[in-house]
Amino acid sequence: MADGFGNASARHARGRRARALLEESREAVADALGVDPSEVVFTSGGTESNNLAVAGACRACRAERDGIVVSALEHASVTKSVRGLKREGWPVSYVKAPRGELDLEGLRARLNARTALITCMLVQNEVGFVLPVDQVVAARNERAPRALVHTDAVQAFCKIPFYPREVGVDLASVSSHKIGGPQGVGALYVRAGTKMFTTAFGGGQERGLRSGTEALPLIAGFAEAVRIAMSDREVAFRRVCGLRRRLVDGVRAIVPDVRVNSRDDGSPYIVSLSFPRTDGAALMEFLDAQGVCVSKASACETLHPHVPPEDRRKKHPLSLRLAGVPTDLVESTVRVSFSRCSAPQDVDAFVAALAAYKEASQVPHRHGAAKVAHAVETADVFDVPPAENLIQRF
């Protein structure tokens, strides 16, 4: 911000330096995705990337195709974009994926020559399911070869191997802050030759898809976060697998009937836990007071406190229920997220705070403090559960 300040579209010396930094940053993101730098469009984050992918791809082919097929577990930035198009008359079909099992036969049945877009996220943002995007592409190739495939890869980028060209998707959304970079910046992979429509009119920056002066400090920070995350991605993955095992073992020692909604073959970076007969909001408040930050769902789902209760609406309808979480456990479900910077003491703090909550709420449990401590201390941080198989899936 101090040394490289300049408009990347300007032709003077500072502008040229800014342009060089912009393109270096683009190359860093492109290298991590295994794509050409010209196929990377910088945005304000995952939400804008998803909005642009859905609306841009569909409106560019309206005269030829008009069908949209979407998985039922998408982020609100996808589902609300699709809903907006549906109000304009676009036919929309949803494909179920209970417990992360995408209904591939149902998907194939919904594809035809009129299908414009198929969108299916790679890692589900609330429970960590890894959806078979490669099989979605195969179904597209078989039943609707002219349709575009978009994947929300925000929770996968720089955490598990993902290369759009190898998988065969046409559009992929990624975000900076999910890998420790600045908030307010992300990118959209747009396969070369893909026709896109935009409402961001202006100077033609970012291939004309997002006109406006680029937020260079954020973009440069994003690129540096990508470099750092990619430098030890596999090591971080294995370490987080161990942290996940440590967490689950510690929690089960305290709450034997806890429901782990996430799958062993899902992303270890997200763990969804349901606590029967527990007030999820009260649990979150208690944990927060102990310095432990978790959420009930995606942070994007949080209702603004100034909105009157009668006007409140869920932004993402039935997401946990559609993922297979029983209705009576939805309100007692919390999401625990890891990053490459998470450490064993973070897990231990969570487990200790959970034990304190159980004691404070006077809910009896058969497993004493000694067993809890033993579960925490003996969990091997490098003990890789079946989630290691993710490395082989891509």
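**Describing the packing of aromatic side chains**
Counted by the stated rule, this structure contains three aromatic pairs. Ring centres of Phe-157 and Phe-222 lie 6.3 Å apart, and the angle between their planes is 75°; this geometry places the pair in the edge-to-face category. With Phe-157 in the loop between β5 (148–152) and α6 (164–167) and Phe-222 in helix α7 (residues 216–231), the pair connects residues that are 65 residues apart, well separated along the chain. Overall, Phe-222 belongs to the buried group, its relative accessible area being 0%. Summarising the aromatic geometry, the rings of Phe-286 and Tyr-357 are spaced 5.4 Å apart at their centres and angled 65° between planes, so their arrangement reads as edge-to-face. Placement of Phe-286 in helix α9 (residues 280–289) and of Tyr-357 in helix α11 (residues 344–360) is noted, with a sequence separation of 71 residues between them. By way of ring pairs, the aromatic residues Phe-42, Phe-157 and Phe-222 are connected into one cluster.

**Quick word on the pattern of salt bridges**
As enumerated under the stated definition, the model contains 20 salt bridges in all. Linking Glu-23 and Arg-19 is a salt bridge whose minimum nitrogen-to-oxygen distance equals 2.8 Å. Within this pair, Glu-23 and its partner Arg-19 are both found in helix α1 (residues 13–33), separated by four residues, close to a single helical turn. Owing to a relative accessible area of 25%, Glu-23 belongs among the partly exposed residues under this scheme. Classification of Arg-19 by relative accessible area gives partly exposed; the value is 32%. When the shortest N-O distance is used, the salt bridge between Asp-170 and Arg-140 registers 3.0 Å. In this pair, Asp-170 is assigned in the loop between α6 and β6 (171–175) and Arg-140 in helix α5 (residues 133–143), connecting sequence segments 30 residues apart. One continuous salt-bridge network, built from bridges that share partners, spans Arg-19, Glu-23 and Arg-26.

**Digging into unusual backbone geometry**
Both trends apply: most residues other than glycine have a negative phi, and most peptide bonds are in trans. Unusually for a residue other than glycine, Cys-158 sits at a positive phi of about 65°. One can find Cys-158 in the loop between β5 and α6. Of the residues examined, Cys-158 reaches a relative accessible area of 6% and is grouped as buried. Phi is positive for Arg-277, which is not a glycine, with a value near 60°. Secondary-structure assignment places Arg-277 in the loop between β9 (270–274) and α9. When its relative accessible area of 72% is taken as the criterion, Arg-277 is described as exposed.

**Let's talk about α5**
Each α-helix winds once per 3.6 residues, and so residues spaced three or four apart point in a common direction. The complete set of buried residues in α5 reads Val-133, Val-136, Val-137, Ala-139 and Arg-140. Taken around the axis of α5, the buried residues stretch over an arc of 160°, which confines them to a single face. In this structure, the buried side of α5 is in contact with α4 (104–110), β4 (115–119), β5 and α6.

**A short note on the sheet that holds β9**
Read across the sheet, three strands follow the order β8-β9-β10 without closing on themselves; strand pairing throughout is antiparallel. Of all strands in the sheet, those with a lone pairing partner are β8 (259–260) and β10 (333–337), marking the two edges. Bridging between β8 and β9 involves two bridges; their strand directions are antiparallel. Paired with Arg-259 across the strands is Ser-274, a residue of β9. Sitting on the sheet, helix α8 (residues 233–254) touches β8, β9 and β10, and the angle it makes with β9 is about 10°.

**With respect to the environment of Gly-181**
Within the secondary structure, Gly-181 is located in the loop between β6 and β7 (186–190). For Gly-181 and Phe-222, which are 41 residues apart along the polypeptide, the C-alpha to C-alpha distance reads 5.0 Å. Excluding residues that lie within four positions of it along the chain, Gly-181 makes contacts with Ser-176 and Ala-225.

Basis of the calculations
Counting starts from 1 at the beginning of each chain's written sequence and moves along it residue by residue. For a predicted model such as this one, the threshold for reporting local features is a pLDDT of at least 70, and the threshold for listing and counting side-chain atom pairs is 80 or more; totals across whole chains, interfaces and linings nevertheless cover every residue. Computation of side-chain values covers all heavy atoms of the structure but excludes hydrogens and water. Note on aromatic contacts: the rings of Phe and Tyr and the six-membered ring of Trp form a pair at centre separations within 6.5 Å, being stacked when their planes are under 30 degrees apart, edge-to-face when over 60 apart, and tilted otherwise. Secondary structure is summarised from DSSP: a helix means a run of H or I of at least four residues, a strand means a run of E of at least two, and numbering begins at the N terminus for each. Burial here depends on accessible area, computed with a 1.4 Å probe over protein chains only, as a share of the maximum for the residue type. Under 20% is buried, over 50% is exposed, and the range in between is partly exposed. Salt bridge, as used here, is a side-chain nitrogen of Lys or Arg placed within 4 Å of a carboxyl oxygen of Asp or Glu. Taking the helix axis as origin, the arc is that swept by the directions to the C-beta atoms. Contact criterion: two residues are considered in contact whenever any of their non-hydrogen atoms come within 4.5 Å of each other. Following DSSP output, two strands are said to pair if at least two bridges run between them. To get an axis, fit a line to the C-alpha atoms, keeping to the stretch in contact for a helix; angles then go from 0 to 180 degrees between the N-to-C directions.

Keep in mind these values describe shape, not function.
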